[in-house]
Amino acid sequence: MPRARALDRLVNAARHPFGKATLILVLCYLVFKYGVAYVPPLFGVRSAPVPASVLLQFMLTALAGVLIWLSEDEDRWRSFKEPIRAVLVEPDKGRIRMALLVLLPLLVGVLAYQQVKPRVVAPVGLRSIHPAPPGQITFRGRTMRIPGLENPLRAGAEGGRLRQAYERGKRVYVQNCVPCHGDLLDGFGHYAHGFNPPPLEFTSSGTIAQLTESFVFWRIAKGGLGLPPEGTPWNSAMPAWEDFLTEDEIWAVIIFLYEQTGWSPRTSEETGAAAE
Amino acid sequence: MLAALAALLLSLPDVALAQVAARDTAGAYGYFPGIGSRAAVWIVAQLHLMFAAFVLGVPIFAMVAEAIGMAGGDKRYDRLAKEFTRLLLVAYSATAIWGALLVFTLSSLYPRFWGYLTQVFSVSMWIYAALFFVESFTLYLYYYGWDIWKEGAAKLWHLGLGVLLNVVGTAVMFIADGWLTYMMTPPASVRPETAPGTVGVWTAIANATWMPINIHRTIANVVFGGSIVAAYAAYRFMAARNEEERQHYDWMGYVGNFIAISALIVLPFAGYWLGREIYAYNEQLGITMMGGFMSWLWIVQAILIGVLFLAANYYLWVGMARIPGAERFRPYTKWMLIILVGGVIVWATPHTMIATREELVAMGGSHHPFLGVFGVMSAKNTAVNLMILTTFLSFLVYRRANSRPVVSWAKTATWVQGAIFATAAAIVVFYGVYGYFVPAIVRIGFSVYQVLAVLATIVSVTVLDIFLVRGAESRGAIRWGEMPERSQYALFILAVTFTWLMGLMGFARSGIRQHWHVFEVMRDTSPWAATPALGYAAQIISVCVLIFLGLVGFVFWLTSLVEKPVPAALGVAPVARVEPRFAPGSTGE
């Protein structure tokens, strides 16, 4: 009997707006924290834990949503506040009140300690999505304007010539890029685990698929050392390949990257460069 | 020999640039104590812009309100319009003062750059000043003639003055837009060596981003005007001394919010066009803005616009409790909320995440392998379009709440409306998903289909609804004044968020020029040429927002000094400060 009564109380608590709000937030946390990391791999989709900064952002959004749901209806809002009010003022809730008075400061203390305790890791920082390219670069003493620059190996290239460029790019890639970026172009080369952040992968829709060939040329030619000061620290170990490859070899490897992944480089609209 | 050496030196770009910089810096810049010249000009320009948006947005609001009052015979709209036109008199002075300050700071702190601009735009500056005169005096006529020209044809003439005021005001803004857009996207024919006096005024004004900015700002001004009106109403609602005031300001808050959100719904489309033109003009500008160091501002923007959508919908949903008949729609609000919250989460998911080194290793880079799909424009366009559709649905439900259509085809029309919504949502989702499988250039075109689907829905459903509720029976009068006070904070949030967003995104647009006064034409060689960090920029903008809101509060207070005390005049008993009397589901008329 007491077990049935306890179950009833639990069900009632779960049906109460306060209980529902708590359950929704707990569910959101479980989905964001564990669901995103572990459910997609069950279906063969790669995933990873959500960074703490993004988890916080998601939870705050969910909290705002829950508060809106609670307070957009007068009855629901009043019901939600009832247990809070009861714990704060009702005489028979003295023990809960005292427990909260101890637990809440403790919780804040633990969180504060977690934030300020000494660590030996580098601090997190904002990183740009893509570094903005300069207006022009000097490639082996020659000035090149980056915006609007097109891959010369594609100009008038029929199937045969494009194939030739692809084969040349493939050779360049295998000889120079595979150790880091991997033979599947997925960023998992033999040396990849030695770098943090790891080498870029090219297969997803978020990397070279978003970029023009001129941008990719600039990144390959200038490497990590040529990254702009804003958005630092980039922590990129990418060499400046202009010291090792010719201009044609770089354009050829760019053709290989796009042909091999199946992505098309971002191209210009008729009025100018592409927009998104 | 010397000539050869000089030629050699000039052929080295860096050396030549250094020479130009040294030459340009001499006498080119003044000094402002404490905060530096850039911050001084920034603050003054930002405040001038905020007041300008206020005095351009509120007249649109007043004119529309007056026209609605004339068409429907509802005197409340006329009172509302006049109340806000009175605010404009003081606000115009503030705008002019900040404008004059901007000219003084520019001419004293950036004399060479200011000289350059005046050489290019001198003719338009004279026209600008002349139009400002016309605008000011039209405003005086519009306000002081309100009670004289209030009946019949005279009222129509008065409304004509309101139209003229808005046309001239918009023309003034368009001219100023020409100056600032020239700094960002000067015509390709203008080079560093081009003498400013030889640049045609029209060529300079009609640059690549002029019209997108014009449209974006015009719509944004309506949003801004509406939100300030709503915030004013919220304050007056909470400070109401009697029931009549409470009802009036509750209604005013609703009207302000309605106009603000109606315009907000189309604002992202105009912003998208502007962004697209910036990319089309110069890839470097585009990447700096969206993918480079300004990219985090877009995450902030997504969060803030998410706040706007949530606050606006919240206000409507809470307001439905005072509408008899609205209870039949209440069960659906939670589903709309889920779409909105989901939309905010997707829209604000960064492509490149803030992560510790361990988290970076786990993700295999700074892009999350699964959530990364939310970081690109396909997902974000889909999210924002669904949020717009949802907000429009909220408005529709609110509008229909107390109506009982009497036309025989009412049920069919409601089903058709539902089908239009479903089709639009399907189109938005389809192109959002399909966008991942096509090249970028094709994907960009998909956003146009998404936008068209949403706009077509808004137009067709609204037109259908107008005919549907024509002559409809009322389920009971709206109980104006019966709003919980927490709903009014949503209106404050809207106004503050709009103001803050204006400053932040204005910085994003202006800051992408980086170390150029005029992009790739006139270099900024001052000590403040470096683009400021986002944190510093946010602090400056926040200070501007606080100053602006403080001054607007002062303007509100100032104009309230001439108000007649309503309770004495109407003999209405003061309202008791209690919770609203309504309960959901009650019909309580």
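Nothing here was measured: the structure is a model prediction, and the numbers come from that model.

About the criteria used
- Residues numbered from 1 in each chain as written.
- Chains lettered and ligands numbered in written order.
- Predicted model: local features only at pLDDT ≥ 70, side-chain atom pairs only at ≥ 80, totals over all residues.
- Helix = DSSP H or I, 4+ residues; strand = E, 2+ residues; numbered from the N terminus.
- Contact = placed C-beta atoms within 7 Å.
- Rg over C-alpha atoms; globule rule 2.2 N^0.38 Å.
- Buried ≥ 20, exposed ≤ 12 C-beta atoms within 10 Å, placed from the backbone.
- Nonpolar A, V, L, I, M, F, W, Y, C, P; charged D, E, K, R; others polar.
- Axes fitted to C-alpha atoms, helices over the stretch in contact; angles between N-to-C directions.
- Parallel < 35°, antiparallel > 145°, perpendicular 65-115°, else oblique.
- Domains from an automatic or database assignment.
- pLDDT = per-residue confidence, 0-100.
- Core = buried A, V, L, I, M, F, W, Y, C linked by C-beta atoms within 7 Å.
- Expected span 1.5 Å × (residues − 1).
- Bend = angle between axes of the 7 residues up to and from the residue.
- Pairing = 2+ DSSP bridges.
- Left-handed = near helix turned anticlockwise from the far one by under 90°.

### Observations concerning the overall build of chain A
A count of helical and extended segments in chain A gives nine helices and two strands. Each helix and strand of chain A, placed in order from N terminus to C terminus, yields the pattern α-α-α-α-α-β-β-α-α-α-α. Taken along its principal axes, the extent of the C-alpha atoms in chain A is 85 × 40 × 40 Å. Within chain A, contacts between residues separated by at least 24 positions form 51% of all contacts whose residues are at least 6 apart in sequence.

### Notes on the overall build of chain B
Regarding its fold elements, chain B presents 19 helices and four strands. A compact globule built from 589 residues would reach a C-alpha radius of gyration of about 25 Å, and chain B, at 26 Å, matches this within 12%. Across its three principal directions, the C-alpha atoms of chain B cover 100 × 60 × 40 Å. The buried share of chain B, taken over its 589 residues, is 48%. A separation of at least 24 residues holds for 82% of the contacts in chain B among residues at least 6 apart in sequence.

### Things to note about the interface of chain B and chain A
Opposite the 63 residues of chain B that make contact, chain A presents 62 residues. Looking at the side of chain B that touches chain A residue by residue, the class counts come to 36 nonpolar, 20 polar and seven charged.

### Details of the packing of helix α3 (residues 36–72) of chain B against helix α8 (residues 210–238) of chain B
Residues and elements named next belong to chain B. Packing of α3 against α8 leaves a shortest axis separation of 7 Å and a crossing angle of 80°. Looking at the two axes, α3 sits roughly perpendicular to α8. Seen from α3, the contacting residues are A53, F54, L56, G57, V58, I60 and F61; seen from α8, they are A220, N221, V222, F224, G225, G226, I228 and V229.

### Looking at the domain arrangement of chain A
Taken domain by domain, chain A consists of domain 1 (2–116) and domain 2 (136–261). Put simply, the middle of domain 1 of chain A and the middle of domain 2 of chain A, counted by C-alpha atoms, are 47 Å apart.

### A short note on the confidence of the model for chain A
Put simply, chain A has an average pLDDT of 88, and 92% of its residues get 70 or more. Segment residues 271–276 of chain A is flagged for pLDDT under 50; beyond a separation of four residues in sequence, or across chains, it makes 28 contacts in the model.

### Comments concerning the nonpolar core
One finds V58, V223, A311 and L494 of chain B to be the most contacted residues of the largest nonpolar core, which totals 191 residues. For this core, the element with the highest residue contribution is α3 of chain B, accounting for 20 residues. Leaving out residues up to four positions away in the same chain, L494 of chain B has contacts with S227, A230, A231, N257, A260, L308, A311 and A312 of chain B. Core analysis: the next-biggest nonpolar cluster, separate from the first, contains 29 residues, A209, F215, V216 and V253 of chain A among them.

### Comments concerning the environment of Y449 of chain B
As for its position among the elements, Y449 of chain B is in helix α16 (residues 440–468). Each C-alpha atom, one on Y449 of chain B and one on A537 of chain B, is 36 Å from the other, the two residues being 88 residues apart in sequence.

### Some points on the environment of Y272 of chain B
All names here are of chain B. Along the polypeptide, Y272 turns up in helix α9 (residues 243–281). Its 20 C-beta neighbours within 10 Å are what place Y272 among the buried residues. Along the chain, Y272 and K82 lie 190 residues apart, while their C-alpha atoms are 35 Å from each other.

### Looking at helix α4 (residues 75–109) of chain B
With 35 residues, α4 of chain B should cover 51 Å at 1.5 Å per step; its first-to-last C-alpha distance of 50 Å lies within 8% of that length. The largest bend in α4 of chain B is about 30°, located at V90 of chain B.

### Details of unusual backbone geometry
Despite not being glycine, L185 of chain A shows a phi value in the positive range, around 60°. By secondary structure assignment, the location of L185 of chain A is in the loop between α7 (178–181) and α8 (213–222). Look at L185 of chain A and you get buried, because 21 C-beta atoms sit within 10 Å. A positive phi is found at E520 of chain B, a non-glycine position, where the angle reads about 60°. Looking at where E520 of chain B falls in the secondary structure, it is placed in the loop between β3 (516–518) and β4 (522–523). Assessed through the 18 C-beta atoms surrounding it within 10 Å, E520 of chain B is described here as partly exposed.

### Overview of the pairing of strand β2 (residues 142–145) of chain A
All names here are of chain A. One ladder, built from four bridges, connects strand β1 (residues 136–139) with β2; its direction is antiparallel. Within β2, the position partnered with F139 by the bridge is R142. Hairpin connection, β1 to β2: the antiparallel pair is bridged by two residues, and R140 has positive phi, about 50°.

### A few points about the packing of helix α5 (residues 111–144) of chain B against helix α6 (residues 152–184) of chain B
All names here are of chain B. Relative to each other, α5 and α6 sit at 160°, their axes nearing to 9 Å. Overall, the two elements α5 and α6 adopt an arrangement that is roughly antiparallel. Crossing hand, α5 versus α6: left-handed. Its residues placed into classes, the contact of α5 with α6 shows 19 nonpolar, five polar and one charged.

### Notes on the environment of A221 of chain A
Residue and element names in this part refer to chain A. Among the structural elements, A221 can be located in helix α8. Residues A221 and I250 lie 29 residues apart in sequence; the distance between their C-alpha atoms is 7.5 Å. Among residues more than four places away in sequence, those in contact with A221 are I137, F139, A240, W241, E242 and I250.

### What to know about the confidence of the model for chain B
All names here are of chain B. Overall, the predicted model of chain B reaches an average pLDDT of 87, with 91% of residues at or above 70. Contacts for the low-pLDDT stretch residues 5–22, under 50 throughout, to residues beyond four places or in other chains number four contacts. The low-confidence segment residues 566–589 (pLDDT under 50) makes 45 contacts with residues lying over four places distant or belonging to another chain.

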